Protein chains: 2
Amino acid sequence: MGDYFLGIDLGGTNVVTTLLDNSGQMVARDGFATHVDQGPKPLVKRMVASCNKLIEEKSINRSDVKALGIGSPGPLSVVEGKIINAPNLHGFANFPLRAECSGKLGVPAVLDNDANVACWGEFWLGAGKDVTDMVMFTLGTGIGGGIVCQSELVHGSEDNGAELGHTIIVPDGRLCGCGQKGCLEAYASATHTAKRAEEALAEGRKSSLQQLFKDNGSVSCKDVFDHAKAGDPLAIEIVDGTAKAIAQASINMRHITEPQVVVLTGGMIKAGDILTKKVRRFFDEMIWTLKKESLEIRLATLGGDAGCIGAAGLALHAYEKGDLPAVGA
Amino acid sequence: MGDYFLGIDLGGTNVVTTLLDNSGQMVARDGFATHVDQGPKPLVKRMVASCNKLIEEKSINRSDVKALGIGSPGPLSVVEGKIINAPNLHGFANFPLRAECSGKLGVPAVLDNDANVACWGEFWLGAGKDVTDMVMFTLGTGIGGGIVCQSELVHGSEDNGAELGHTIIVPDGRLCGCGQKGCLEAYASATHTAKRAEEALAEGRKSSLQQLFKDNGSVSCKDVFDHAKAGDPLAIEIVDGTAKAIAQASINMRHITEPQVVVLTGGMIKAGDILTKKVRRFFDEMIWTLKKESLEIRLATLGGDAGCIGAAGLALHAYEKGDLPAVGA
């Protein structure tokens, strides 16, 4: 009846589980609240129960379920399958998440960080499904990254690579939460896009955002994009700053791993085409003239399911390469 | 008697050929002037004759010579083994260099660009021989790059990745020869280090370099480093600018492919420890505080032989992986 793969997207708030066939078709899907406060062992129990429910409700033969993939907040060790010390998973330090889930389900498993599994999902079945090399920027509270190079994820020597939000794009620039100055994240995250607008508004710059700012003492990234779409010059200037920063990072990645596609995802992409169009414009304006660069800028297509799909996809990928650890390891 | 591998480092001015055993020991070495003006066919003849000479003078059994590696200026196609349109190899556009050399020598061959073969040489037997992930900056007239990720070279989707000199480190910064503004190369190459000094001298800045500048109308990168070592404040400021740019690029690469080691090479490293010490200092000052980063900054150790050694090493690597094209392909 073909092979099946389980995917778990473990978030700080919610967990999504899924069962896919080997063509990537989603056969079943489940979700529940994480309850980090209850600790790792009860969470593993709920994750395993949810996976078993998916298998049973579709009457899948257990021997046809070949592997499980888990995406989790990091930092974590891909090689050892352990959480290291994830700020969003308090109490999980050094927890062998892969071995625990694998042992209880009786299926070999792989573990990777949330940004990587989402990147793999978009690469496998989403915005990057037609290419061999892609880069993904997750534009949210912070900026996460993912890199696929010659159809493999780039993990780095200690599994902490692809931290694209923390590449420095402006020397001695804006202070980032990470302690560096001038990070991409300090310009182009949703948080810093709103912050840059607030700073300009606090200086008294003329803008249709001023009333909102006066009423609430703050504006959101969505407000900034909405007012930019409505033609407010200050909002346009702020959004342009965000797009220009992403364009600079995209040019740099084109010169480093040379992706065919840059995929944008995260809450900010609800703004839609305005973002990709502006990034495209700045990319074309700023890129070298030595040769034409054919890189495409695309929005992610899988939405919130990229993580669980990518987790199952990584399990399938490891299965096909013969790279799976033993059950319970 | 063991396996042997040939390496050719084809430069715009000189060609170096070498024969290595499978432990990387250099058995024989030869060199001659390139004479690009005579065209590709006579050059192939001389390259093949030089390789045959190495084999014959050491009385190596021809069947023990398993493969040839060629490093050449790019852009080129690694997959097709062809020069595309290298500015330093006028008249070689679309020339099938790999097939020509391989066919005439009767040995399977691989072709890669000069920066990549030198990077592979340092990774295999030089400054990066103890790591799995490294990045190399070649600091000369321009800035070349090389990336090794999980013990494999990063080529990019069209074999033009690892152009680290053309990552933008300052938005709207100094104009680079490539047409971009703010490239690493526009700050930290030998050419631009000298240029930045000349610009400051032309503004009348006080410096022990002024006399030299008045006499010659120019200063060299070596002059700037020499005067910095002697304590001249302006020269120190210029060298600090170079080191800070390299540190920023090193931080960025640490967050992207997460190398364990950054290797510096090219003419500028004749300046010695002053460069690595300053890059180290700025790296430590500018890197995030989220976790300690253990990256090392090292000088290359193979000198001018990195290219021919790396070319032979890539041939060995392809041989061991079973990745060699057919003879004459």
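See above for the structure.
> What is the right way to read the packing of helix H3 (residues 114-125) of chain A against helix H10 (residues 306-321) of chain A from this model?
To characterise two packed helices, one gives the angle between the axes of the helices and the distance between these axes. Residue and element names in this part refer to chain A. Following both chains from N to C, one finds H3 and H10 inclined at 75°, their axes separated by 7 Å at the closest point. Of the possible angle classes, the one that applies to H3 and H10 is roughly perpendicular. Taken together, the residues of H10 that come into contact with H3 (itself represented by Val-117, Ala-118, Trp-120, Gly-121, Glu-122, Trp-124 and Leu-125) are Ala-306, Gly-307, Ile-309, Gly-310, Ala-311, Gly-313, Leu-314, Leu-316 and His-317. The class makeup of the residues in the contact of H3 with H10 is 10 nonpolar, 5 polar and 1 charged.

> I tried to follow the sheet that holds strand E11 (residues 261-265) of chain A on my own but got confused; where do I start?
Within a sheet, adjacent strands bond to each other through the backbone by hydrogen bonds, running parallel or antiparallel. Residue and element names in this part refer to chain A. Within the open sheet, the 5 strands sit side by side as E10-E9-E8-E11-E12. Their pairing is mixed. Of all strands in the sheet, those with a lone pairing partner are strand E10 (152-153) and strand E12 (296-299), marking the two edges. Where E11 lies against E12, 4 bridges are found, and the strand directions are parallel. Along E12, the bridge assignment pairs Leu-264 with Leu-299.

> When you look at the relation of the copies chain A and chain B in this model, what are you seeing that I'm missing?
Taken together, a rotation about one axis and a shift along it account for how the two chain copies relate. The transform that puts chain A on chain B rotates by 180° and translates by 0.0 Å along the axis, for an RMSD of 0.0 Å. The operation mapping one copy onto its partner corresponds to a two-fold rotation axis. Here 100% of the contact residues of chain A are again contact residues in chain B; the copies associate through an equivalent surface.

> When you look at the pattern of salt bridges in this model, what are you seeing that I'm missing?
Counting across every chain of the model gives 39 salt bridges over all chains. One salt bridge connects Arg-174 of chain A with Glu-199 of chain A, and the closest N-O pair in it is separated by 2.7 Å. Separated by 25 residues along the polypeptide, Arg-174 of chain A in the loop between E10 and helix H4 (185-188) and Glu-199 of chain A in helix H5 (residues 190-202) bring together distant segments of the chain. Here Lys-291 of chain B ties to Glu-293 of chain B by a salt bridge, and the two come within 3.2 Å at their closest N and O atoms. With relative accessibility at 27%, the residue Lys-291 of chain B sits in the partly exposed group. For Glu-293 of chain B, a relative accessible area of 8% gives the class buried. One salt-bridge network, held together by shared partners, links Glu-158 of chain A together with Arg-254, Glu-258, Lys-291 and Glu-293 of chain B.

> What is the right way to read H10 of chain A from this model?
What sets the pattern is the α-helix's 3.6 residues per turn: residues three or four places apart point alike. Residues and elements named next belong to chain A. Spanning 16 residues, H10 covers 22 Å between terminal C-alpha atoms, matching the ideal 22 Å at 1.5 Å per step. The buried count for H10 comes to 13 of 16 residues, which makes it a mostly enclosed element. The positive-phi residue at the C-terminal boundary of H10 is Gly-322, with phi of around 70°.

> So what exactly am I meant to see when it comes to the sheet that holds strand E12 (residues 296-299) of chain B here?
Residue and element names in this part refer to chain B. Spatially, 5 strands are ordered E10-E9-E8-E11-E12 in an open sheet, and the strand pairing comes out mixed. Of all strands in the sheet, those bounded by a partner on one side alone are strand E10 (152-153) and E12. Contacting strand E8 (134-139), strand E9 (143-149) and E10, helix H3 (residues 114-125) runs over the sheet at an angle of about 50° to E9. Across the sheet, helix H9 (residues 273-286) touches E8, strand E11 (261-265) and E12, and the angle it forms with E12 is around 165°.

> Would you mind going over the packing of aromatic side chains with me for this structure?
Here a ring pair, both rings aromatic, is described through the centre-centre distance and the interplanar angle of the planes. This structure, assessed with the given rule, holds 6 aromatic pairs over all chains. Ring centres of Trp-120 of chain A and Phe-123 of chain A lie 5.1 Å apart, and the angle between their planes is 45°; this geometry places the pair in the tilted category. A residue pair is termed a helical-turn pair when its members lie 3 or 4 positions apart in one helix, as Trp-120 of chain A and Phe-123 of chain A do in helix H3 at 3 residues. The class of Trp-120 of chain A is buried, set by a relative accessible area of 5%. A relative accessible area of 8% means that Phe-123 of chain A is categorised as buried. On the basis of an interplanar angle of 70° and a centroid distance of 6.1 Å, the ring pair of Phe-92 of chain B and Phe-95 of chain B is categorised as edge-to-face. Like Phe-92 of chain B, the residue Phe-95 of chain B is buried in the burial classification. Here the basic side chain of Arg-281 of chain A rests over the ring of Phe-282 of chain A, its NZ or CZ set 4.5 Å away from the ring centre.

Reading the values: the criteria
Residues numbered from 1 in each chain as written. Chains lettered and ligands numbered in written order. Predicted model: local features only at pLDDT ≥ 70, side-chain atom pairs only at ≥ 80, totals over all residues. Heavy atoms only, no water. Axes fitted to C-alpha atoms, helices over the stretch in contact; angles between N-to-C directions. Helix = DSSP H or I, 4+ residues; strand = E, 2+ residues; numbered from the N terminus. Parallel < 35°, antiparallel > 145°, perpendicular 65-115°, else oblique. Contact = heavy atoms within 4.5 Å. Nonpolar A, V, L, I, M, F, W, Y, C, P; charged D, E, K, R; others polar. Pairing = 2+ DSSP bridges. Least-squares fit on C-alpha atoms with pLDDT ≥ 70 in both. Salt bridge = Lys/Arg side-chain N within 4 Å of Asp/Glu carboxyl O. Buried < 20%, exposed > 50% of the residue type's maximum accessible area, 1.4 Å probe, protein only. Expected span 1.5 Å × (residues − 1). Phe/Tyr/Trp six-rings, centres within 6.5 Å; stacked < 30°, edge-to-face > 60°. Lys NZ or Arg CZ within 6 Å of the ring centre and 35° of its normal.

Worth remembering: the numbers are spatial, not functional.
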